[in-house]
Amino acid sequence: MPLMPKKVKFRKSQRGNRGGNAQRGTDVSFGDFGLQCLGRGWINSQQIEACRVAINRDLKRKGKVWIRIFPHKPTTSRPPETRMGKGKGAPEKWVAVVRPGTMLFEVAGVSETAAKASMRLAANKLGIRTRFVVRD
């Protein structure tokens, strides 16, 4: 079951503004190491789940993993080979809007080399630039 809100006020949303940098959620708050976003865009629930699986498999279920983003935004798409008009498409997937500086994942209870390796695997599942950060 992919990540998605239990209940939303509106089924469809507009695309919104992706400009600016992250204002909060930019530092390592829970774990010792983190994966920070350097680009901007949408990360869908399938990508978040793929990252979570990659991190947990690499760490062999040692340590603790925090997912710092949640897909709140529904994205719609029209069926293929459909003519123009006839309204907006049906909600297809859920995305998390990320801006530069957003902390995506955090890990604690493992060595830095193990955390770095697992975060690299997770970063390969995303379509945006990221960096590995260590808690101060």
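Residues numbered from 1 in each chain as written. Predicted model: local features only at pLDDT ≥ 70, side-chain atom pairs only at ≥ 80, totals over all residues. Heavy atoms only, no water.

### As for helix α1 (residues 45-58)
- End to end, α1 covers 20 Å across 14 residues, agreeing with the expected 20 Å (1.5 Å per residue, within 8%).
- Residues of α1 that are buried: S45, Q47, I48, C51, A54 and I55.
- In this structure N44 caps α1, since a side-chain oxygen of it lies 3.1 Å from the backbone nitrogen of Q46.
- The positive-phi residue at the C-terminal boundary of α1 is K60, with phi of around 55°. (Helix = DSSP H or I, 4+ residues; strand = E, 2+ residues; numbered from the N terminus. Expected span 1.5 Å × (residues − 1). Buried < 20%, exposed > 50% of the residue type's maximum accessible area, 1.4 Å probe, protein only. Polar contact = N/O pair within 3.5 Å; in protein donor to acceptor, adjacent residues only side chain to side chain.)

### What about the state of the cysteines?
- Counted according to the given criterion, the structure contains zero disulfides.
- Between C37, a cysteine without a disulfide, and C51, which holds the nearest cysteine sulfur, the sulfur-to-sulfur distance is 11 Å.
- By relative accessible area, which is 0% here, C37 ends up buried.
- With a relative accessible area of 0%, C51 lands in the buried category. (Disulfide = S-S within 2.5 Å.)

### Considering a positive patch on the surface
- On the surface, R11, K12, R15 and K88 cluster together into a patch of positive charge.
- Within the fold, K12 resides in the segment before β1 (33-37). (Patch = residues over 30% accessible without salt bridge, like charges linked within 9 Å, V, L, I, M, F, W, Y side chains within 5 Å. Areas by Shrake-Rupley, 256 points an atom, 1.4 Å probe, with all protein chains shown as cover. Salt bridge = Lys/Arg side-chain N within 4 Å of Asp/Glu carboxyl O. Lys, Arg positive; Asp, Glu negative; His and termini not counted. Charge placed at Lys NZ, Arg CZ, Asp CG, Glu CD.)

### Looking at the pattern of salt bridges
- In total, this model carries two salt bridges according to the counting rule given.
- When the shortest N-O distance is used, the salt bridge between R52 and E49 registers 2.6 Å. With a gap of three residues between them, R52 and E49 both fall in helix α1, about one helical turn apart.
- Here R52 falls in the partly exposed class, since its relative accessible area comes to 29%.
- R68 is the salt-bridge partner of E106, the closest N and O atoms lying 2.3 Å from each other. Taken together, the residues E106 in strand β6 (residues 103-108) and R68 in the loop between β3 (64-67) and β4 (73-77) connect sequence positions 38 residues apart.
- Among the residues examined, E106 registers a relative accessible area of 0% and is labelled buried.
- Given a relative accessible area of 24%, R68 falls into the partly exposed group.

### A short note on helix α2 (residues 112-124)
- With 13 residues, α2 extends 18 Å between its outermost C-alpha atoms, agreeing within 8% with the 18 Å of an ideal straight helix rising 1.5 Å per residue.
- Among all positions in α2, only A115, S118, M119, A122 and A123 are buried. Within α2, the buried residues cover an arc of 145° as seen down the axis, which keeps them to one side. For α2, the exposed residues lying more than 90 degrees away from the buried face are T113 and N124.
- Those residues of α2 that are buried lie in contact with β1, α1, β6 and β7 (130-134). (Arc of directions from axis to C-beta. Contact = heavy atoms within 4.5 Å.)

### Side note on the nonpolar core
- L35, I43, I55, L104 and F105 are the most contacted members of the largest nonpolar core, which has 23 residues in total.
- For this core, the element with the most residues is α2, which contributes four residues.
- When sequence neighbours within four positions are dropped, the list of residues in contact with L104 reads L35, C37, I43, W66, I67, R68, I69, V98, L126 and T130. (Core = buried A, V, L, I, M, F, W, Y, C linked by side-chain atoms within 4.5 Å.)

### A word on the environment of T75
- Take T75: it is sitting in strand β4.
- Residue T75 is classed as buried on the basis of its relative accessible area of 10%.
- Residues T75 and G89, 14 residues apart in the sequence, show an inter-C-alpha distance of 9.0 Å.
- Leave out the neighbours within four places in its chain, and T75 touches W42, A90, P91, E92, K93 and V95.

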